[in-house]
Amino acid sequence: MASKISAVILSLSFFSSFVAISSQNDEYDPTIKTMEQFSGYQIHDSISSLSVHTQNLQRQIDELSSFSDTPAPSVTRVLYSEKDVLARGYIKKLMGLSGLSVREDAVGNIFGRWVGSQPELAPVLTGSHIDAIPYSGKYDGVVGVLGAIEAINVLKRSGFKPKRSLEVIMFTSEEPTRFGISCLGSRLLAGSEELKELLKKTVDSQNISFSDAATFAGYTLNEDLSSVFLEKGSYSAFIELHIEQGPILEEEGISIGIVTAIAAPASIKVDFEGNGGHAGAVLMPKRNDAGLAAAELALAVEKHVLESGSIDTVGTVGILELHPGAINSIPSKSHLEIDTRDIDEKRRNLVIEKIHKSALRISKSREVNLSEFKIVNQDPPALSEDSIIEATESACQELKLSYKKMISRAYHDSLFMARISPMGMIFIPCYKGYSHKPEEFAAPEDVANGVKVLALTLGKLSLS
Ligand SMILES: *[C@@H]1O[C@H](CO)[C@@H](O)[C@H](O)[C@H]1NC(C)=O
Ligand SMILES: *[C@@H]1O[C@H](CO)[C@@H](O)[C@H](O)[C@H]1NC(C)=O
Ligand SMILES: [Zn+2]
């Protein structure tokens, strides 16, 4: 470990002397003064001086949670609602207080940049989301936005000066609550033409169009939404700090999870239609029960998932609706929504194929119509970039924090950012793995550890 630290010192002193030389050529460069100050900076001093203002950060987490449409401890913050607008203002204010220059794109992804000494290089980006599904908690996403701003503060207090610019992002609508589209902001940043078109005709449950909702929040979408798209290579790295949303780190008493891959999600909608009829009058041989077709398909989903032989393959029928839904009526229609994920895209796609075949077989044998089999989304998995994993790993080692490499089975904005940038994720433990409910909790010291690791990783990536 000692050799690693001295390697960092070497690269830093190399860098600072390089800057000293180059700065002589440009008397009017406004960065000269800061770079001269920087020349005295040593990373081993700073490791002990990477101090997180833990109580301050906790206060911010608590304050942000008060922008909610449901009473504490629950948090409900839906895209472009009044509370979302207030929360956005809060984030922009904190970014400003940290000396970041703030910009927003057409859908309200918010960026705060700390300009580095070589602003022409692709910056390093970090961040997450602050929207919250109904009756959820105050840490999901929030730790990765407020924690990122605090990581910038940590670096600034330590005297660090970035080479590549460092940027914090707050993504618009990671949760699908309002318009049924998850990771809306990051999908657009990653250049989804499909989503750009879809948003022109998307309405919420109150028939409010995406565009009207955005206007309410102060974003006018007159411009072509392709203005949101980022070119591949716009960032040299993207890294997201997040609560684990699972129990592993807490159970094993480990401080930091370093994500190596994000599982590939897919979702499917299925409708069966039969003849229905009176539950007493229609005899069993005469029936084509759409409800039983749905039940059989739900069991088939489980079977096909288990057939993969891998613990990483999962499948869930989270929605199963019967029509007309009366005790004395044979279901004439059924509707299922299936979620299946894997870190191996081929294996997951094979599961989808098998589910489709089973749906066809069941419809035939039960003489019900398969009126819909729609793959709603079928995203590829994302692998973290080795160089980002390594930077995070050495940050943990230098900070003497225990860590473990792991897979993210939930997906995040990182899944989509990986399409346009090298990606990495840092997990911290959370109480019993709870998430998306008011009991969601991460201990202040665990949050602080995550922020420290993020800060040091950002520092390394900025100089690389
Ligand atoms: C939704 O709004 C559009 C445009 O204002 C209108 O044409 C349509 O009839 C509305 N649909 C419903 C279900 O209210
Ligand atoms: C199934 O679809 C066929 C062809 O569209 C139709 O004739 C039949 O009535 C449908 N059966 C049921 C049970 O809905
Ligand atoms: Zn999240």
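Every value quoted in this text rests on a predicted model; they were computed, and no experiment measured them. (Residues numbered from 1 in each chain as written. Chains lettered and ligands numbered in written order. Predicted model: local features only at pLDDT ≥ 70, side-chain atom pairs only at ≥ 80, totals over all residues.)

Moving on: the site of ligand 2. E273, G274, N275, N288, V368 and N369 make up every residue found near ligand 2. Looking at the shell around ligand 2 residue by residue, the class counts come to one nonpolar, four polar and one charged. (Near = placed C-beta within 6 Å. Nonpolar A, V, L, I, M, F, W, Y, C, P; charged D, E, K, R; others polar.)

One finds V143, A151, I152, I426, V451, L454 and A455 to be the most contacted residues of the largest nonpolar core, which totals 109 residues. When residues of this core are assigned to their parent elements, the largest contribution, 10 residues, is made by helix α6 (residues 142-158). Built from parts of two domains, this core gets at least three residues from each of domain 1 (42-262 + 382-463) and domain 2 (265-378). Excluding residues that lie within four positions of it along the chain, L454 makes contacts with T126, G147, A148, A151, I239, L241 and I426. (Core = buried A, V, L, I, M, F, W, Y, C linked by C-beta atoms within 7 Å. Buried ≥ 20, exposed ≤ 12 C-beta atoms within 10 Å, placed from the backbone. Helix = DSSP H or I, 4+ residues; strand = E, 2+ residues; numbered from the N terminus. Domains from an automatic or database assignment. Contact = placed C-beta atoms within 7 Å.)

All right, on to helix α4 (residues 54-65) then. Counted at 1.5 Å a residue, the expected span for α4 with its 12 residues is 16 Å, and the 17 Å between its end C-alpha atoms agrees. When we look at burial in α4, the residues that qualify are L57, Q60, L64 and S65. Axial view of α4: buried residues confined to an arc of 135°, hence all on one face. Exposed side chains of α4 directed beyond 90 degrees from the buried face belong to Q55, N56, R59 and D62. On its buried face, α4 sits against β1 (75-77), α5 (82-97), α6 and α15 (444-463). (Expected span 1.5 Å × (residues − 1). Arc of directions from axis to C-beta.)

Turning next to the sheet that holds strand β10 (residues 314-323). Here we have four strands laid out as an open sheet, ordered β10-β11-β9-β12, and antiparallel in their pairing. Both edges of this open sheet fall to β10 and β12 (369-378), since each of them pairs with a single strand only. For this sheet, the mean inter-axis angle between neighbouring strands, taken without regard to orientation, is 15°. With respect to the sheet, helix α11 (residues 290-307) is in contact with β9 (264-273), β10 and β11 (333-342), its orientation differing from that of β11 by roughly 10°. Lying over the sheet, helix α12 (residues 345-365) contacts β9, β10, β11 and β12, oriented at roughly 5° with respect to β9. (Pairing = 2+ DSSP bridges. Axes fitted to C-alpha atoms, helices over the stretch in contact; angles between N-to-C directions.)

Quick look at the confidence of the model for the protein chain now. Taken residue by residue, the protein chain gives an average pLDDT of 90. The fraction at 70 or more is 90%. This stretch, residues 1-42, has a pLDDT under 50; its non-local contacts, to residues over four places away or in other chains, come to 35 contacts. (pLDDT = per-residue confidence, 0-100.)

When you tally the buried positions in strand β3 (residues 110-114), you get four out of five residues, the bulk of the element. Strand direction decides the pairing type here: strand β2 (residues 101-104) and β3, joined by four bridges, are antiparallel. Counterpart to V102 in the pairing with β3 is G112. For β3 and strand β6 (residues 166-171), the ladder comprises five bridges, and the chain directions are antiparallel. By the bridge assignment, F111 is partnered in β6 with I169.

On to the packing of α11 against α12. For the pair α11 and α12, the least separation of the axes is 9 Å and the interaxial angle reads 150°. In terms of their interaxial angle, α11 and α12 are classed as roughly antiparallel. The crossing of α11 and α12 is right-handed. Facing α11, whose interface residues are A293, E296, L297, A300, V301, H304 and V305, α12 presents V351, K354, I355, S358, A359, I362 and S363. Partitioned by chemical class, the residues of the contact of α11 with α12 number nine nonpolar, three polar and two charged. (Parallel < 35°, antiparallel > 145°, perpendicular 65-115°, else oblique. Left-handed = near helix turned anticlockwise from the far one by under 90°.)

Let us now look at the packing of α4 against α6. In the contact formed by α4 and α6, the axes pass within 10 Å of each other and the chain directions differ by 140°. Here α6 runs oblique to α4, going by the angle between their axes. Here α4 and α6 pass one another in a crossing that is right-handed. In this structure, α4 uses L57, Q60, I61 and L64 to contact α6, whose residues at the interface are V142, L146 and E150. A breakdown of the residues in the contact of α4 with α6 according to their chemical character gives five nonpolar, one polar and one charged.

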